[in-house]
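Observations on chain architecture
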Amino acid sequence: AQTVTQSQPEMSVQEAETVTLSCTYDTSESDYYLFWYKQPPSRQMILVIRQEAYKQQNATENRFSVNFQKAAKSFSLKISDSQLGDAAMYFCAYRRSLTQGGSEKLVFGKGTKLTVNP
Amino acid sequence: GAVVSQHPSRVICKSGTSVKIECRSLDFQATTMFWYRQFPKQSLMLMATSNEGSKATYEQGVEKDKFLINHASLTLSTLTVTSAHPEDSSFYICSAGVTGTYEQYFGPGTRLTVT
């Protein structure tokens, strides 16, 4: 079974600074998707960024970027120019590739609580 | 983007009663819906996966007779917590997706309190 590990229960960053959240995963599959979701105090899950495992290029969405190391099974999230609105729980998630069939469920890590200090 | 709604947003019920939570995809047809449970300061725990028109697939350890899931249409799935107990108090989140695509769209969640 696939597992996702987030080793940092809490992180803090100064406004306008950069922070990196760690995520590692375990799978025997070669093709899959990885995601970072944000859950603010409202509890609404928001997709931040996704990465297809077959793509070597790291995904980027404005101030959010990932460092995807497939061999190391590592998928870290970098937030640049941190803003107060970035404060939230961040969850790393894994799902199997659509081509491999089976369940489309997401496997979540335990989350990292990010605090942004003004 | 696609919108998923949940109703009610919060509900309080007495122990022993049943409560139904609705999950609707408002602007797309969801072939698959997922139900999660989230305890305070914890991650999302998948309870079951439901495909339109078929029986839900429950995760190990989830009581299918207690958490009844119905996915009767492409826009609606319901979770019924039967004979609720205080330990069923939690935050329930649904998500919806279309078979063949990677995206899952999350509802805003329902806070259930059983007294």
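Going by the structure above, here's the rest.
Residues numbered from 1 in each chain as written. Chains lettered and ligands numbered in written order. Predicted model: local features only at pLDDT ≥ 70, side-chain atom pairs only at ≥ 80, totals over all residues. Heavy atoms only, no water.

Okay, the pattern of salt bridges next. Residue and element names in this part refer to chain A. Evaluated as defined, the whole model comprises eight salt bridges over all chains. As a salt-bridge pair, aspartate 26 and lysine 73 come within 3.7 Å of each other at their nearest N and O atoms. Of the two residues, aspartate 26 is situated in strand E4 (residues 24-26) and lysine 73 in the loop between strand E8 (64-69) and strand E9 (74-79); the sequence distance between them amounts to 47 residues. Using a relative accessible area of 41% as the deciding quantity, one classes aspartate 26 as partly exposed. Here arginine 96 ties to glutamate 29 by a salt bridge, and the two come within 2.9 Å at their closest N and O atoms. With arginine 96 in strand E10 (residues 88-96) and glutamate 29 in the loop between E4 and strand E5 (32-39), this pair connects stretches of sequence that are 67 residues apart. We classify arginine 96 as partly exposed; its relative accessible area is 26%. (Salt bridge = Lys/Arg side-chain N within 4 Å of Asp/Glu carboxyl O. Helix = DSSP H or I, 4+ residues; strand = E, 2+ residues; numbered from the N terminus. Buried < 20%, exposed > 50% of the residue type's maximum accessible area, 1.4 Å probe, protein only.)

Our next topic: the side chain of threonine 27 of chain A. All names here are of chain A. Along the chain, the position of threonine 27 falls in the loop between E4 and E5. Relative accessible area serves as the criterion here: at 8%, threonine 27 is assigned to the buried category. Among the polar contacts made by the side chain of threonine 27, one reaches the main-chain amide nitrogen of glutamate 29 at a distance of 3.1 Å. A polar atom in the side chain of threonine 27 sits 2.8 Å from the side chain of tyrosine 94. (Polar contact = N/O pair within 3.5 Å; in protein donor to acceptor, adjacent residues only side chain to side chain.)

The subject of this paragraph is the pairing of strand E7 (residues 67-73) of chain B. All names here are of chain B. As judged from the five bridges shared by E7 and strand E8 (residues 76-81), these two strands associate in the antiparallel manner. If you follow asparagine 70 over to E8, its bridge partner there is threonine 78. The turn joining E7 and E8, which pair antiparallel and follow one another in sequence, is formed by two residues. (Pairing = 2+ DSSP bridges.)

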